[in-house]
Every structure is written in C-alpha cells, then in structure tokens.
Amino acid sequence: MPIDSLDSLRRAVRRIVSLVSARNYAAVEEFTGGQRLSATDIERVVNEYGRTIVDAPPCAFELHPFVHVQNSDPPEWVIDFDLWTQEQGRSDLTLTLRLYEMKDGTVKTEIDDLHTM
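Heads up: these notes are all about the structure in this document.

**Side note on helix H2 (residues 25-32)**
Buried residues of H2: Tyr25, Ala27, Val28 and Thr32, and no others. Buried residues of H2, seen end-on, are gathered within an arc of 155 degrees and therefore sit on one face of the element. Exposed and facing more than 90 degrees away from the buried side of H2 are Ala26 and Glu30.

**Considerations on the environment of Asp73**
Topologically, Asp73 is positioned in the loop between strand S2 (67-69) and strand S3 (76-85). Accessibility expressed as a relative area gives 67% for Asp73, which makes it exposed. Sequence spacing of Asp73 and Thr94 is 21 residues, and the spatial spacing of their C-alpha atoms is 26 Å.

**Regarding the nonpolar core**
Among the nonpolar cores identified, the biggest contains 33 residues, and Val13, Phe81, Leu83 and Leu114 are the most heavily contacted of them. Secondary-structure elements contributing two or more residues to this core are helix H1 (3-21), H2, helix H3 (39-49), helix H4 (60-63), S3, strand S4 (89-101) and strand S5 (107-116). Discounting residues that sit within four places of it in the chain, Leu83 has contacts with Val17, Val20, Ile53, Gly89, Arg90, Ser91, Leu93, Leu95 and Leu114.

**Some thoughts on the side chain of Thr96**
By the element assignment, Thr96 lies in strand S4. Accessibility expressed as a relative area gives 9% for Thr96, which makes it buried. There is a polar contact of 3.2 Å between the side chain of Thr96 and the side chain of His115. Leaving out residues up to four positions away in the same chain, Thr96 has contacts with Val78, Ile79, Asp80, Glu110, Ile111, Asp112, Asp113 and His115.

**Notes on the packing of H2 against H3**
Contact pair H2 / H3: the axes reach a minimum separation of 8 Å and the direction vectors enclose 130 degrees. Put simply, H2 runs oblique to H3. Judged by the twist between their axes, the crossing of H2 over H3 is right-handed. In contact with Tyr25, Ala26, Val28 and Glu29 of H2, H3 contributes Ala39, Ile42, Glu43 and Val46. Split by residue class, the contact of H2 with H3 holds 6 nonpolar, no polar and 2 charged.

**Topic: the pairing of S3**
Taking burial as the measure, the 10 residues of S3 include 9 buried ones, the bulk of the element. Here strand S1 (residues 53-54) pairs with S3 via 2 bridges, running antiparallel. Counted as the bridge partner of Ile53 is Thr85 from S3. What sits between the antiparallel neighbours S2 and S3 is a turn of 6 residues, in which Asn71 has the positive phi angle 55 degrees. As judged from the 9 bridges shared by S3 and S4, these two strands associate in the antiparallel manner. Pairing of Trp77 across the sheet is with Leu99, part of S4. Linkage of S3 to S4, two consecutive antiparallel strands, is achieved through a turn of 3 residues.

Calculation rules
Residues numbered from 1 in each chain as written. Predicted model: local features only at pLDDT ≥ 70, side-chain atom pairs only at ≥ 80, totals over all residues. Heavy atoms only, no water. Buried < 20%, exposed > 50% of the residue type's maximum accessible area, 1.4 Å probe, protein only. Helix = DSSP H or I, 4+ residues; strand = E, 2+ residues; numbered from the N terminus. Arc of directions from axis to C-beta. Core = buried A, V, L, I, M, F, W, Y, C linked by side-chain atoms within 4.5 Å. Contact = heavy atoms within 4.5 Å. Polar contact = N/O pair within 3.5 Å; in protein donor to acceptor, adjacent residues only side chain to side chain. Axes fitted to C-alpha atoms, helices over the stretch in contact; angles between N-to-C directions. Parallel < 35°, antiparallel > 145°, perpendicular 65-115°, else oblique. Left-handed = near helix turned anticlockwise from the far one by under 90°. Nonpolar A, V, L, I, M, F, W, Y, C, P; charged D, E, K, R; others polar. Pairing = 2+ DSSP bridges.

Here you go:
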C-alpha cells in the first residue's frame with residue numbers, strides 16, 4: 001500500500017476515534033453515513049461499557065494493522081482498533097472499521113461493529 005494511502009486510512013481512523021472519545025456520536029454517524037451503526041447504537045454500546053472513552057495516544061495508531069480485502073473494488077481495508085479509556089488505558093472495547101479508497105483519493109469509512117473482544 002502506498003504510504004499516502006496508509007496515511008489517509010490512519011487519518012480516517014483518528015477522526016472516528018476522536019469523535020467517539022468526544023462523545024460526538026452524531027458526527028460519527030454523519031462521517032460514516034450511519035451505514036451499520038447509528039449514533040444511538042454507538043452511544044448505547046459506550047454507555048453499557050461503563051468506562052470513559054478517551055482519545056488514543058499517537059502510538060496506538062501504529063499498533064493496529066490494516067487488513068486488505070482481496071479483489072475489492074474500490075480498494076478496501078478492515079481494522080480492529082482497541083479504544084482507550086481513562087480508567088484502564090487500552091481497553092477491550094474494539095471499533096471494527098471498513099475503509100474504502102475512492103478513485104478521487106478520499107477514504108469512505110464505515111463502522112462494522114463496536115464490541116468487546
């Protein structure tokens with residue numbers, strides 16, 4: 001994967017994680033198109049988890065590999081990103097994202113799931 005593509009994917013993940021940690025679930029839904037999880041769904045899962053989600057440290061974005069979906073058009077990647085909490089640091093609450101590299105160079109992002117691993 002070209003380095004600029006990897007940077008674009010990481011920026012999209014950072015944006016989602018930042019919005020979730022800011023509890024701006026409506027903006028998450030808008031950014032992802034609400035394809036699989038609505039703002040209400042995300043809020044419910046975070047509230048049920050019962051810990052305070054915080055923005056992940058910069059190094060966290062280097063820890064999680066992107067998995068390329070073979071023969072996808074547009075090019076597609078999946079990542080399982082562990083969210084961070086104020087109480088425990090890296091948590092077992094995982095955000096599963098699908099990212100698509102569009103022909104115009106933008107990245108379309110969908111949340112596949114938000115769950116404990």
